[in-house]
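Notes for the structure review
Single-letter residue listing:
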Amino acid sequence: MTERVAATPGIYPLPDWAKGTLSDLKGHQKGDLLSGDEGEEIAGTYDEVRAEFVDDQLEAGLDRVVEGQGRWDDMMAHPLTVHDGVETGGIVRYYDNNNFYRDPRVVDDLGFSGDVAGELESARALLAEAGSDGAPLAATLPGPYSLAALATDEHYGDDDEFQAGIAEFLAGEVEAFPAHETLFLLEPSLVTDPPADGTEERATGAIATVADATDADVVVQTFYGALDEKLYAHLVDEADADALGLDLVAGDREDTVYNVQEYGSTDSVALGLVDGQNTLVEEPETVAERVEWFEGQVPTADFGTTYLTPNTELFYLPENKYRAKLSALAAATEVLA
Amino acid sequence: MVRNPSANREQFRPTDHPNDAFLLTTVVGSYPKPKWLNRADELVEDPDSKFDEADLAEAHDDACRLITHEHERAGLDTVVDGEMRRNEMVEFFAERIDGYEFNGPVKVWGHNYFDKPSVVEEVSYNEPWLVDEFDFTSNVAERPVKVPITGPYTLGFWAFNEAYPSTEELVYDLADLVNEEVEKLVEAGARYVQIDEPALATTPEDHAIVGEALDRIVSGIDEEVRIGLHVCYGDYSRVYPEINDYPIDEFDVELCNGDYEQIPTFTEPTFEPDLALGVVDAHTAEIEPVEEIKANIRQGLRVVPPEKLTISPDCGLKLLPREVAYGKTENMVTAVREVEAEIDAGEIDLDAPLADD
């Protein structure tokens, strides 16, 4: 019997009050963005934001709670842009979106940071305070392939070493995380900018390095469309993921189903079911139908777990719609129960 | 296929133009708002203030008059009101087009947000969007007034699409509305319209959608009306030579920012519309000296002859301090008039415009 779990990979939009407060405290320019050593007032504001994110998820009834990543000014590039071995360069485009982040120029060894672990400790404390049973913590990190793709190497000097350096850095961060039930590794670059023919194993090996650093279930969330079939097969076999996350919103979902039919799947699966980049809020019944449609198309007898997720991060949305999307996912698991 | 720019260019030559050569000078549109106007925008939101919508309308009129005259004082051949009434290039139009709704701000980068609207039903045309502001500006202006309009591709792709099966279909519906608006502007006397499509720079592979939208926009628009297209901050090699097929009179580009590295892109095959070349950087606070701007203008002559060259800043100047925006505009016009005189005197080799005379 497949367990259905409503969860998100995080990177939420700041509440509107915090958009104003933080831009007043920090400023609007490139040099004003977070460097990881923010003062008390800014840190206090982020504490409030985090508490609100946790409440939002508990109220919606999600089965996993993420920290929400309100501090991630540079979205998925955050773990690097606050790192001591990284200098931030110009503002560059974030995938195919009207969004931008600071180019992380890696200029030194990527040693241990602990920035994300600190956030997770705080989120864990909030969950303990709320006394929430059954909604354990989920951690979020960029996957090593995408993080390397988002960054500029000015230190390692070789693609193999850079990729390995990033993977080892992320694995070290994961080892410092407090107990978590699930780890989401976000890997959109596998779709948008897949590894060249013959270099798939470098990418999957890097992901496995990070995945192996935790006992939690690891979801490798791919998005912005369907995976190339050969890469899909590599990921199933080599990435050590408990679940591959597949985007059923963007791109051709028939391609995704074909991949699963042809090459099998991880024991569990994460389905990107609600559109993280559109304000149209899906009905829970629609989300549930998409789950049943997918499960009905593929030969696998039973997935251990099917994660019901948005296809992307949710920061693209205004705050009212982001909350509505959380509720739609949670309600869909009720429809399926 | 390109329109007929030579049919509409001469109407913008001022009667007292000092040179035979005529490089049309213009601006992209936005200009720094006077500080008091920003204060007025805030004041009208303040429930404790007596300052109301009518007061704000008066403030907008005053600001438009001021900036239109500031453009004329700088010597521009064609002027804009500096978009004093507009807040943001998508929001302003989405507020005027039926079918859009607003849910709140979304992040662009860092702590920069915009009120990205959602299209929740079929878009439709209700009241004219810009005719009143055009009437006002053309009444206070001595020079011809250019009207910038955010293009349908940007209005479509920089919104959330809840209502249409594909955003492409939304873009075509929006293009029909823009066409209706351009017709009304032309009836009101407008002869120079610029379609702004910054979103094309982010997804240049969609150039055919923009082309189809432009076909709809110019449908029934007489050739005496000059239609420009402004696209900024992108890799032009991904839309060139395709833009040669667009039904436009003029293609307006931002190249000063990139130090003209992309100019060779436009030299082969032959550039068909008129070229509107950015010659001052919209994002540096230093006023370029006249000599430097003259060298920039010569870059344009590598692509088109003088009678097909229009000169403008790279992009809207609204993020600059106002005195810097004015200084850049004034120096730009001075540089243009000097280059024209040098062309008249045969001092510039039009076959090798970068060569020293």
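Here the residue index of a chain counts from 1 through its sequence in written order. Chain letters and ligand numbers both follow the written order, the letters beginning at A and the numbers at 1. Reporting in this predicted model follows two pLDDT cut-offs: at least 70 for local features of residues, and 80 or more for side-chain atom pairs to be given and counted; totals over whole chains, interfaces and linings ignore these cut-offs and use all residues. Where side-chain values are given, they derive from all heavy atoms of the structure, hydrogens and water being excluded.

**Points about the overall build of chain A**
A tally of regular secondary structure across chain A gives 12 helices and 10 strands. We compute the radius of gyration from the C-alpha atoms alone; for a globule the expected value is 2.2 Å times N to the 0.38, where N is the number of residues. Rg of the C-alpha trace for chain A: 19 Å, near the compact-globule value of 20 Å for 337 residues, within the 12% margin. Taken along the three principal axes of its C-alpha coordinates, chain A extends 50 × 45 × 35 Å. With a 1.4 Å probe rolled over the protein chains alone, any residue whose accessible area is under 20% of its type maximum counts as buried; one over 50% counts as exposed, and the rest are partly exposed. Within chain A, the fraction of its 337 residues that count as buried is 59%. Considering only contacts in chain A between residues 6 or more positions apart, those separated by 24 or more positions represent 80%. A total accessible area of about 12200 Å² is found for chain A, and carbon and sulfur atoms account for 42% of it. Counting from the N terminus, the helices are DSSP H or I runs at least four residues long and the strands are E runs at least two residues long. Any two residues having at least one pair of non-hydrogen atoms within 4.5 Å are treated as being in contact. For accessible areas, the Shrake-Rupley method is used with a probe of radius 1.4 Å. Any residue's cover is judged against the shown protein chains and nothing else.

**Considering the sheet that holds strand S4 (residues 138-142) of chain A**
Within a sheet, adjacent strands bond to each other through the backbone by hydrogen bonds, running parallel or antiparallel. Residues and elements named next belong to chain A. On the basis of which strands lie adjacent, the open sheet formed by seven strands has the order S1-S10-S9-S8-S7-S6-S4 and parallel pairing. Sheet topology places strand S1 (3-6) and S4 at the edges, where each strand pairs with a single neighbour. Neighbouring strand axes in the sheet, compared pairwise and without regard to direction, differ in orientation by 25 degrees on average. Direction of pairing for strand S8 (residues 243-247) relative to strand S9 (residues 268-274): parallel, over a ladder of five bridges. Bridged to Gly245 within S9 is Ala270. Criterion used throughout: strands pair if DSSP finds at least two bridges between them. To obtain each axis, a line is fitted to C-alpha atoms, and for helices this fit is confined to the stretch in contact; angles are then taken between N-to-C directions over 0 to 180 degrees.

**With respect to the interface of chain B and chain A**
At the junction of the two partners, chain B supplies 21 residues and chain A supplies 32 residues. A 1.4 Å probe defines the accessible area here, and the buried area is the portion of it lost by two parts on being joined, summed over both. Taken as a group, Lys107, Trp109 and His111 of chain B account for 34% of the area that chain B buries against chain A, more than any other trio of residues on that side. Salt-bridge detection follows one rule: a side-chain nitrogen of Lys or Arg within 4 Å of a carboxyl oxygen of Asp or Glu. Between the two partners, chain B and chain A, sit zero salt bridges. What qualifies as a polar contact is a pair of N or O atoms within 3.5 Å, subject to a donor-acceptor requirement within protein and to the restriction that residues adjacent in sequence count only when both atoms come from side chains. Counting across the interface, chain B meets chain A through 12 residue pairs in polar contact (both at pLDDT 80 or more). At the level of secondary structure, the elements contributing two or more residues to the side of chain B that touches chain A comprise strand S3 (106-109), strand S4 (112-114) and strand S7 (160-161) of chain B. Among the elements that take part in the side of chain B that touches chain A, S3 of chain B stands out by supplying four residues, more than any other. Split into classes, the residues belonging to the side of chain B that touches chain A amount to eight nonpolar, nine polar and four charged. Only Asp, Glu, Lys and Arg are considered charged in this grouping, and only Ala, Val, Leu, Ile, Met, Phe, Trp, Tyr, Cys and Pro are considered nonpolar; every other residue, Gly among them, is considered polar.

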